Amino acid sequence: MNNLQYSAGERNRYFYGKLMTVRDFEDEQTYFNDKRRLGNRMLHGAGVAAGLGVLLVDNQTFSLEAGMALDYLGREIVVRDPCVKRISAIRGFDQIRESGDVYLGIAYREEPCEGTFSVAGSGEGNGVSQEFNRVQEGYELFLTTREPNRALLGVDSVLYDLRRLYDQEGVRITLQIPRYVNTDDAFTVRVLFEKRDVSAPVHFSFRLESDMFRGPGGERFVEVAYDETEVTTHKDVTLEYAMDCGPVRDDYTEIRVPVEHFSLTLGTKAAEGLEKELVQAVEVTARPLREVVLEAYYTRHFDELLTAREDQAIYLAKFHIVANQSAFFIEKVTRNPFHQYLPNVQLLELLQGLERPQVRPQADRDALRRDGAGQEAAADPAPRRTAGGVETVVLGVSPKVGRTYFSHEFIHGLGAGNLCVVVAVENAEDVSRSETLVFGDGIFTAEEFSLAAPACAVGAMVNVKKGTLQLGLKLLERTAQQNIRLRWWAWRPEEEQGEKEELADAVKVVITPNTANLEPLQQVRFTALVEGSASQEVNWSVVEKNGGSIDRNGLYTAPPTEGVFEIQAQSAKFGNDKASAYVVVSKL
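Here the structure is a predicted model, which is why all the values come from computation and not from measurement.

**A word on the sheet that holds strand β30 (residues 483-491)**
Adjacent strands of a sheet form backbone hydrogen bonds with each other and so pair up, either parallel or antiparallel.
(1) Moving on: With antiparallel pairing, four strands are arranged side by side in an open sheet as β23-β30-β26-β27. Of all the strands in the sheet, just β23 (386-394) and β27 (437-438) have a single pairing partner and so form its edges.
(2) Moving on: Summarising the sheet, strand β26 (residues 420-426) and β27 pair through two bridges and their orientation is antiparallel. Residue pairing for β27: Val425 is matched across the bridge by Val438.

Structure representation (structure tokens):
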């Protein structure tokens, strides 16, 4: 009964005196199962309906929460009780040959159970044969290193095309381009950047060109550029770029990425360019997109919906595995990596009410911040001219004397321009008890002084254009420590502080994106541009008390509760100039 095909719609007919056989009873179950599963598939789709969360217990074990999903054949997958699984015991673990991403999937499974005997069977000797009295519906977990075709996992392919632009040396760039756009309307092209096991910072740039579409400045192209300032070995970033369609009616055009305008660098190394130009056709229509998408969906062939394809599975999590010849461990887990959720009708109704959130105009919000006498609140403090902090440099297992180690590149908060930087080593393994800072390159050693930190040479590199800072150290003696904390201070030279001030009336803060839709605890990065000023430093804040958090680099983390929250970016140099963006947090 683990059938993959649907019945022809033939069911039992009962009459008085009918002889019922095994075939009749099996057909009875098959008929109703197939009808229900066909309805599930056509009316609801596939995905996680509730639960089925994956949580790490330790670096080799995970916990699967109870829940329910519908697979791509409409069959119900039910996990009735939470369970703890060791990843090495899951089918497909033998595929893991090296470090990388591994996907955890769940599949429908049924098997006979409750052994019994058939008195009418032809047994050996006593005329009794062994049978099973029940069929147990359940599930099976599996691992795969193969990334599925995302276009087959949902219905997004009806409206969007996913085109792979670049996939080499651990860097992948994919474009999500609409198949249809409306006349005299704006649309969004998304750039999906993925980085796997690459320690160097990535920079790439290219152009989206078109004869009929225009960029924000009226050009026939949009410049796409990305600079990685917070360097990690694994990253997933989505960039959005707006384009405008002119007064063209019912025509076809193209979006192109020319070879000559594409560049990508890994650290200081230039990577290979594109082999050929990417060209994607786009249909321009005056009809409402809702009508066009519905027509495209309902003209699909019915046969492609009846049989699940190889990639059409429910993927519960993505594990990043670090493996060597003798051991492995799970470094990171991403829950439901392809957003295979199956919302019910009530949830969809709730989400529709949040599509156009009613937010208070900025003028009203500013009025509410005045005191009871109608006076403006106290002026914001003067912009900072100094900054400081602590960064952890990872040495890893068995650090080597003479080797150089670096922190990640980070934004120091003083904006672009020259800086003076001082770096010291925290002299304690327990940072809460650190009472001594070590300055100088190997002058103080553990042999002569009571030091917990090893002797090392430290330095800092300032990027004056991007406003970023990176710390480094060279190990001068052996140590068992795996991490060293470096404390830094930065300030502007006097000649930088004495520069001519810009006119405050010409300054304007712009936040990108100005709206975002997130799930609880999901993250998004905001960027702020201070127009009319050389100082690009801004102070980020969340207006609502329980509206989540945002760091100094604009990385916003949504709260666990749903709602609409305001993000503010305030110019550090011109305290009265600020802008707001709004985040809608809702569970899908």
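Structure shown, so let's carry the discussion forward.
**Remarks on the pairing of strand β3 (residues 61-64)**
(1) Moving on: Residue alternation in β3 divides its side chains into two sets, Thr61 and Ser63 and Phe62 and Leu64, and both sets are buried.
(2) Moving on: Judged from the four bridges that link them, strand β2 (residues 54-58) and β3 form a sheet pairing that is antiparallel. Across the sheet, the residue bridging to Val54 is Leu64, located in β3.
(3) Moving on: Following β2, the chain reverses through two residues before pairing antiparallel with β3.
(4) Moving on: Inspection of the sheet shows β3 paired to strand β6 (residues 83-86) by four bridges, in the antiparallel sense.

**Side note on the nonpolar core**
(1) Moving on: Ile173, Phe204, Phe206 and Leu264 are the most contacted members of the largest nonpolar core, which has 36 residues in total.
(2) Moving on: Ignoring sequence-local partners within four residues, the contact set of Ile173 consists of Arg163, Arg164, Leu165, Tyr166, Val191, Leu192, Phe193, Phe204, Phe206, Phe262 and Leu264.

**A short note on the sheet that holds strand β10 (residues 171-178)**
(1) Moving on: Spatial ordering of the open sheet is given by β9-β10-β12-β16-β14, a layout of five strands whose pairing is antiparallel. Single-partner strands in this sheet number two, and they are β9 (160-168) and β14 (213-214).
(2) Moving on: When β9 meets β10, the two strands line up antiparallel, connected through eight bridges. The residue bridging Asp161 from the neighbouring strand is Ile177, located in β10.

**Here we look at the side chain of Gln280**
(1) Moving on: For Gln280, the position within the fold is in strand β20 (residues 278-285).
(2) Moving on: The residues contacting Gln280, other than those within four sequence positions of it, are Asp161, Arg163, Ile177, Thr253, Glu254 and Ile255.

**With respect to the pattern of salt bridges**
(1) Moving on: The tally for this structure, following the rule as stated, stands at 29 salt bridges.
(2) Moving on: Across the pair Arg207 and Glu209 runs a salt bridge whose closest N-O atoms are separated by 3.9 Å. Accessibility classification places Arg207 together with Glu209 in one group, the buried group.
(3) Moving on: A salt bridge links Glu295 to Arg287, with the shortest nitrogen-to-oxygen separation between them at 2.8 Å.
(4) Moving on: Overall, the relative accessible area of 45% leaves Glu295 in the partly exposed class.
(5) Moving on: Classification of Arg287 by relative accessible area gives partly exposed; the value is 29%.
(6) Moving on: One continuous salt-bridge network, built from bridges that share partners, spans Asp101, Glu147, Arg150, Arg164, Asp167, Arg172, Glu194, Arg196, Asp236 and Lys318.

**Focus: unusual backbone geometry**
(1) Moving on: Residue Pro513 is reached from Thr512 by a cis peptide bond, and omega for that bond is -10°.
(2) Moving on: The residue Pro513 is located in the loop between β31 (508-512) and β32 (515-518) in this model.
(3) Moving on: In this structure, Asp197 is a non-glycine residue whose phi angle is positive, near 55°.
(4) Moving on: For Asp197, the position within the fold is in the loop between β12 (186-195) and β13 (202-209).

**A closer look at a nonpolar patch on the surface**
(1) Moving on: Together, Leu437, Phe439, Trp489 and Trp491 make up an exposed nonpolar region whose accessible area comes to about 350 Å².
(2) Moving on: Among the structural elements, Phe439 can be located in the loop between β27 and β28 (456-463).
(3) Moving on: Note on Phe439: relative accessible area 38%, which makes it partly exposed.

**As for helix α1 (residues 22-44)**
(1) Moving on: When the terminal C-alpha atoms of α1 are compared, their 32 Å separation across 23 residues agrees well with the 33 Å that a helix rising 1.5 Å per residue should span.
(2) Moving on: Those residues of α1 not exposed but buried are Asp24, Tyr31, Asn33, Asp34, Arg37, Asn40 and Arg41.
(3) Moving on: At the exit of α1 stands Gly45, carrying a positive phi of roughly 90°.

**Some details on the packing of aromatic side chains**
(1) Moving on: Enumeration over the complete set of coordinates arrives at 16 aromatic pairs.
(2) Moving on: Through pairs of rings, three or more aromatic residues link up here, namely Tyr166, Phe193, Phe204, Phe206, Tyr226 and Phe262.
(3) Moving on: Its end group placed over the ring of Tyr14, Lys18 keeps NZ or CZ at 5.6 Å from the ring centre.
(4) Moving on: The positively charged end of Arg207 is found above the aromatic ring belonging to Phe221, 3.8 Å away from the centroid.

**A word on the environment of Tyr103**
(1) Moving on: Note on placement: Tyr103 falls in strand β7 (residues 100-118).
(2) Moving on: Looking at Tyr103, the relative accessible area reads 4%, which means it is buried.
(3) Moving on: Contacts of Tyr103, omitting those with residues within four sequence positions, involve Phe142, Leu143, Thr144, Arg146, Glu147, Pro148, Tyr315, Ala317, Lys318, Pro337 and Phe338.

**Describing the environment of Gly246**
(1) Moving on: Its place among the elements puts Gly246 in the loop between β16 (235-245) and β17 (251-257).
(2) Moving on: Distance in space between the C-alpha atoms of Gly246 and Asp185 is 7.4 Å, their sequence separation being 61 residues.
(3) Moving on: Every residue in contact with Gly246, bar those within four places of it in the chain, is listed here: Thr183, Asp184 and Met212.

**Considerations on the confidence of the model for the protein chain**
(1) Moving on: Confidence along the protein chain averages 80 in pLDDT terms, with 86% of residues attaining 70 or more.
(2) Moving on: Within the protein chain, the lowest mean pLDDT, 47, falls on helix α5 (residues 362-368), and the highest, 92, falls on strand β4 (residues 67-70).
(3) Moving on: Note on residues 367-384: pLDDT under 50 across the span, and 18 contacts to partners over four residues away in sequence or across chains.
(4) Moving on: Across residues 497-502 the pLDDT falls below 50, and counting only partners more than four positions away or on other chains, this stretch makes ten contacts in the model.

What counts and what doesn't
Residues numbered from 1 in each chain as written. Predicted model: local features only at pLDDT ≥ 70, side-chain atom pairs only at ≥ 80, totals over all residues. Heavy atoms only, no water. Pairing = 2+ DSSP bridges. Helix = DSSP H or I, 4+ residues; strand = E, 2+ residues; numbered from the N terminus. Buried < 20%, exposed > 50% of the residue type's maximum accessible area, 1.4 Å probe, protein only. Core = buried A, V, L, I, M, F, W, Y, C linked by side-chain atoms within 4.5 Å. Contact = heavy atoms within 4.5 Å. Salt bridge = Lys/Arg side-chain N within 4 Å of Asp/Glu carboxyl O. Patch = residues over 30% accessible without salt bridge, like charges linked within 9 Å, V, L, I, M, F, W, Y side chains within 5 Å. Areas by Shrake-Rupley, 256 points an atom, 1.4 Å probe, with all protein chains shown as cover. Expected span 1.5 Å × (residues − 1). Phe/Tyr/Trp six-rings, centres within 6.5 Å; stacked < 30°, edge-to-face > 60°. Lys NZ or Arg CZ within 6 Å of the ring centre and 35° of its normal. pLDDT = per-residue confidence, 0-100.

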